[in-house]
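Chain by chain, the residues run as shown.
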Amino acid sequence: MKIVVLPGDGIGKEVTAEAVRALHAVIGSELPLELTEAVIGGEGLERFGDALPPDTLDISRKADAILLGGTGVPEDERRAPSEGAGYGLLKLRKALGLYANFRPVVLYPELVDASTLKPEIVTGVDLIILRELTGDLYFGQPRGVSRDETGARVGINTMRYTDAEIERIAHAGFQAAAKRRKKLCSVDKANVLETMALWREVVIEVSKQYPDVELTHLYIDAASMALIRNPKQFDVVVTGNVFGDILSDAAAMLAGSIGMLPSASLGDHNKGLYEPVHGTAPDIAGKDLANPLAAILSVAMMLRQSFGRDQHASRIEQAVRSVLREGYRTADIYQPGCRKIGTRAMGEAVVEAIRKQKVGGEAEFA
Ligand SMILES: NC(=O)c1ccc[n+]([C@@H]2O[C@H](COP(=O)([O-])OP(=O)(O)OC[C@H]3O[C@@H](n4cnc5c(N)ncnc54)[C@H](O)[C@@H]3O)[C@@H](O)[C@H]2O)c1
Ligand SMILES: CC(C)[C@H](C(=O)O)[C@@H](O)C(=O)O
Ligand SMILES: [Mg+2]
């Protein structure tokens, strides 16, 4: 198992360290683990003048899977977006063709009270936001800031999708839904944007190949409301890059915290990039306050998707479940009566829970 670890910036480093510990704990000496650490984001800019240094891209191409913490530094605010630390990650996703970003939103029953929403609304939430990841406003040309004929400064980004790009993400959505509760909701803005009218048209064409999956459509504004009003109506939600970015942060509150959301970015080949949905959280970086569970759960997604190790993945998920059941909480999911702990201690609790599991036995997995 050749894995490249890209801790990135801020809490990316802190949560990735705990994710790697969990990975070692669950794999033990059962399988050869080859981990290589490389630089990306702000650290890349600082050390090599490049948010995606060529060596990082090169070893990422050769790896079976990539585990990433987060990229982005406060100095980004002074840089052009396409020159910032976050852009290193965008370039990596694009270069590796990772167009399908699965963001599962699952509320652990222990965290019902950590959610800001009513228990009856969120209990049992289990949905996936499937975000297209290599197109849209993020990559469309033209982009930039220039002057128009009157001398006014004009900022331009282009929402762009080809039919082939829409088709492949639609297929990913239908296939994911087919394995679950067979409901796919496509989210667009087809009433106003040509790109999104094409999106809807192509999704409807693709749907003919999946007669068993029920397809619905929502505009992004209405979808944002529906997600908070009645999240349990959703199974798989497929949407574009920008809408998916926003919708998934909103959906984090259904799971109690953004510190609980893992993700997997996949393409047509077997390689995947796994990362928490959250960013580098400069406000809490370096304070041992970050919740490492999203990063740890991203390792579970990696073991399942890239290596077919379902049992190891389930062990990580069960370990997360058991630390929550024991009452361990980082500050973002803290509730009175629980034990408030830091990033390192949460990682250690997960490792302990993994060690206590009876592998192949029946007890702990219930
Ligand atoms: N995938 C990524 O690498 C990624 C994702 C989002 C943002 N970013 C970057 O991160 C930087 C900060 O962005 P932001 O503040 O808008 O978003 P953010 O996700 O970093 O933080 C938003 C809020 O959530 C909290 N938070 C995030 N992760 C947490 C965790 N694991 N545990 C507890 N609390 C957590 C933060 O403290 C903050 O209050 C920016 O540079 C941005 O570009 C990177
Ligand atoms: C940091 C940024 C480039 C990134 C994105 O917008 O894709 C982040 O917000 C995410 O959700 O992964
Ligand atoms: Mg985001």
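Starting from 1, residues in each chain are numbered consecutively following that chain's sequence as written. Each chain gets a letter, beginning with A, and each ligand a number, beginning with 1, in the order they are written. With the structure being a predicted model, the display of local features is reserved for residues of pLDDT at least 70 and the display and counting of side-chain atom pairs for 80 or more, all residues being used for whole-chain, interface and lining totals. Excluded from the side-chain calculations are hydrogens and water; all other atoms, namely the structure's heavy atoms, are used.

A.B. asks: What exactly am I supposed to notice about the overall build of the protein chain here?
C.D. replies: The way it works is that DSSP assigns letters per residue, a run of H or I at least four long becomes a helix, a run of E at least two long becomes a strand, and they are numbered from the N terminus. Regarding its fold elements, the protein chain presents 12 helices and 14 strands. Relative to the 2.2 N^0.38 estimate, which gives 21 Å for 366 residues, the radius of gyration of the protein chain is 20 Å and therefore close to what a compact globule would have. On the principal axes, the C-alpha backbone points of the protein chain span a range of 65 × 50 × 40 Å. Exposure is judged per residue with a 1.4 Å probe applied to protein chains only, and the accessible area is read against the type maximum: over 50% gives exposed, under 20% gives buried, and values in between give partly exposed. Counting the 366 residues in the protein chain, one finds 54% classified as buried. C-alpha atoms define the radius of gyration in this analysis, and the globule rule sets the expected value at 2.2 Å times the number of residues to the power 0.38.

A.B. asks: Looking at this structure, how should I read the sheet that holds strand β10 (residues 236–239)?
C.D. replies: Backbone-to-backbone hydrogen bonds pair the strands of a sheet. The strands run either parallel or antiparallel. One open sheet holds the 10 strands; their spatial order is β2-β1-β3-β12-β11-β4-β5-β10-β8-β9, and the pairing between them is mixed. Each end of this open sheet is capped by a strand with a single partner; those strands are β2 (34–37) and β9 (214–219). Each neighbouring strand pair of the sheet contributes to a mean axis angle of 25°, computed without reference to strand direction. Of the strands in this sheet, β5 (126–132), β8 (183–188) and β9 are in contact with helix α8 (residues 220–229), which crosses β9 at around 105°. Between any two strands, at least two bridges found by DSSP are needed for them to pair. Helix axes are fitted to C-alpha atoms over the stretch in contact, other axes to C-alpha atoms as well, and angles between N-to-C directions run from 0 to 180 degrees. The criterion used for residue contact is that any of the two residues' heavy atoms lie within 4.5 Å.

A.B. asks: Which parts of the structure should I look at to understand the site of ligand 1?
C.D. replies: Around ligand 1, the structure places 20 residues, and the nearest of them are Thr71, Gly279, Ala281, Asp283 and Asn291. Pairs of N or O atoms are called polar contacts if they sit within 3.5 Å, as long as, within protein, a hydrogen donor faces a hydrogen acceptor (for residues adjacent in sequence, only side-chain-to-side-chain pairs). Between Glu275 and ligand 1, the recorded distance is 3.0 Å, taken from a side-chain N or O atom to a nitrogen atom. For ligand 1, an oxygen atom lies 2.8 Å from a polar atom in the backbone of Gly279. Computed by Shrake-Rupley with a 1.4 Å probe, the accessible areas treat only the displayed protein chains as cover when residues are assessed. Relative to its unbound accessible area of 800 Å², ligand 1 is 67% covered by the protein chains. The nonpolar class holds Ala, Val, Leu, Ile, Met, Phe, Trp, Tyr, Cys and Pro. Asp, Glu, Lys and Arg form the charged class, and all remaining residues, Gly among them, are polar. Here the shell around ligand 1 is built from residues that sort into 9 nonpolar, 8 polar and 3 charged. Note on terminology: near, applied to a residue and a molecule or strand, indicates that one of the residue's heavy atoms is within 4 Å of it.

A.B. asks: What should I look at first to understand the UniProt feature "domain: Isopropylmalate dehydrogenase-like" (unreviewed entry) in the protein chain in this one?
C.D. replies: UniProt positions are given in the numbering used here, feature names are shortened, and annotations may be inferred rather than shown by experiment. In this structure's numbering, the residues bearing the UniProt feature "domain: Isopropylmalate dehydrogenase-like" (unreviewed entry) are residues 2–350. Between the end C-alpha atoms of residues 2–350 there is a gap of 23 Å, over a span that is 39% helix and 20% strand.

A.B. asks: What is the right way to read the nonpolar core from this model?
C.D. replies: One broad rule of soluble globular proteins: the nonpolar side chains tend to lie buried together. Joining through side-chain atoms within 4.5 Å is the link that ties buried Ala, Val, Leu, Ile, Met, Phe, Trp, Tyr and Cys residues into a set, and such a set is a nonpolar core. Membership of the largest hydrophobic core comes to 98 residues, with the highest contact counts inside it found for Phe102, Val105, Met260, Leu293 and Leu303. At 9 residues, helix α10 (residues 293–305) tops the list of elements feeding residues into this core. Residues within four places of Val105 in sequence aside, it is in contact with Val125, Asp126, Leu127, Ile129, Ala251, Leu254, Ala255 and Leu261. Grouped together as the second largest cluster of nonpolar side chains are 14 residues, Ala38, Leu68, Leu96 and Leu98 included.

A.B. asks: I tried to follow the pairing of strand β6 (residues 140–147) on my own but got confused; where do I start?
C.D. replies: Along any regular strand the residues' side chains alternate between the sheet's two faces. With 5 bridges joining them, β6 and strand β7 (residues 153–158) adopt antiparallel strand pairing. Within β7, the position partnered with Ser146 by the bridge is Val154. The turn linking β6 back onto β7 is made up of 5 residues, and Gly151 within it adopts a positive phi angle of 95°.

A.B. asks: Teacher, can you tell me more about the environment of Tyr334 here?
C.D. replies: Tracing the sequence through the fold places Tyr334 in the loop between β13 (328–329) and β14 (339–340). Taking the C-alpha atoms as reference, Tyr334 lies 9.3 Å from Asp113; in sequence the two are 221 residues apart.

A.B. asks: Could you clarify how one ought to interpret the UniProt feature "binding site: Mg(2+)" (unreviewed entry) in the protein chain in this entry?
C.D. replies: Annotation from UniProt places "binding site: Mg(2+)" (unreviewed entry) at Asp221, Asp245 and Asp249. By secondary structure assignment, the location of Asp221 is in helix α8. Residue Asp221 is classed as partly exposed on the basis of its relative accessible area, which comes to 45%. Along the polypeptide, Asp249 turns up in helix α9 (residues 241–251). Apart from residues no more than four positions distant in its own chain, Asp249 is found in contact with Ile258 and Val277.

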